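Spelled out, the chains give:
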Amino acid sequence: MSDAVSPPLVRSDDVPVGGVSKRVLDVVLAGGALLALAPLLVLIVALMKLSDPGPVLFGHRRIGFGGRYFLCYKFRSMATNSAELLQELLQRDPAARAEWEANHKLRNDPRVTRLGRFLRETSLDELPQLFNVLRGEMSLVGPRPIVDEEAHRYAHRFSTYKRARPGLTGMWQVNGRSDTSYATRVKYDSYYVRNASTLLDLRIMAKTVKVVVARDGSC
């Protein structure tokens, strides 16, 4: 994976919403989660190596706090030739192309491996983002980490989005997830940034556990 670094776009004295208290909570909980989940992480790595050749982790460039780019880590859930598979599908399937252009997601994605589909349905593919949290690139709770192609969808709300670190979970993830429209996702992200608090974070984290167990809105 290649590194992705962009010039600073904010002043050094600017801080993400939540400040020091949110950062301390992130480090303590993310560090504890990595220690507790270490056996599970090792098991997932072993299963991936046995079932499909290629790298275990996938790093995708996302937009973070202040507009800085970072590599958002996940367990690789797609085939190694995923780009070719996507282009082939979009060229031959107008419905899939329309779904991709509307949501940047596909419910029946041919790029996803069998193990990858299970990891996605259980949200286990996102566990490596705990390292992003420790590195200060993400928070446990925040707006969705988006790519360049999605920024224009935020319009005037994009400046609000950039005030926070993207979250491993957030309001969108616990309120319908893939069952919601993109406009609704943007509203959730904006609401969270404007109303961020420790209490709201704890409520979202508690609800995340329920959503993951029930696999609501996963895709």
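Scroll up for the structure.
K.L.:
Before we go on, may I ask you to explain the pairing of strand E1 (residues 57–63) in this structure?
P.N.:
Consecutive side chains along a regular strand alternate between the two faces of the sheet. Bridging between E1 and strand E2 (residues 69–75) involves seven bridges; their strand directions are antiparallel. Pairing of Arg61 across the sheet is with Leu71, part of E2. The hairpin turn running from E1 into E2, its antiparallel successor, is five residues long, and Gly66 in that turn takes a positive phi close to 70 degrees.

K.L.:
Where do I start with the side chain of Ser77 in this structure?
P.N.:
With respect to the helices and strands, the residue Ser77 is situated in the loop between E2 and helix H2 (82–92). At 3.0 Å, the side chain of Ser77 forms a polar contact with the side chain of Arg120. Filtering out sequence-adjacent residues up to four positions away, Ser77 remains in contact with Arg111, Val112, Thr113, Gly116 and Arg120.

K.L.:
Help me understand the packing of H2 against helix H3 (residues 94–103), please; the structure alone is not making it clear to me.
P.N.:
The description of two helices packed together rests on the angle between their axes and the distance between the axes. The geometry of H2 relative to H3 is characterised by a closest axis approach of 5 Å and an angle of 115 degrees between their N-to-C directions. Each of Leu86, Leu89, Leu90, Gln91 and Arg92 in H2 lies in contact with H3, whose residues at this interface are Pro94, Ala96, Arg97 and Trp100. A per-class count over the contact of H2 with H3 returns six nonpolar, one polar and two charged.

The rules we used
- Residues numbered from 1 in each chain as written.
- Predicted model: local features only at pLDDT ≥ 70, side-chain atom pairs only at ≥ 80, totals over all residues.
- Heavy atoms only, no water.
- Pairing = 2+ DSSP bridges.
- Helix = DSSP H or I, 4+ residues; strand = E, 2+ residues; numbered from the N terminus.
- Polar contact = N/O pair within 3.5 Å; in protein donor to acceptor, adjacent residues only side chain to side chain.
- Contact = heavy atoms within 4.5 Å.
- Axes fitted to C-alpha atoms, helices over the stretch in contact; angles between N-to-C directions.
- Nonpolar A, V, L, I, M, F, W, Y, C, P; charged D, E, K, R; others polar.

Read these as layout, nothing more, since geometry by itself doesn't imply function.
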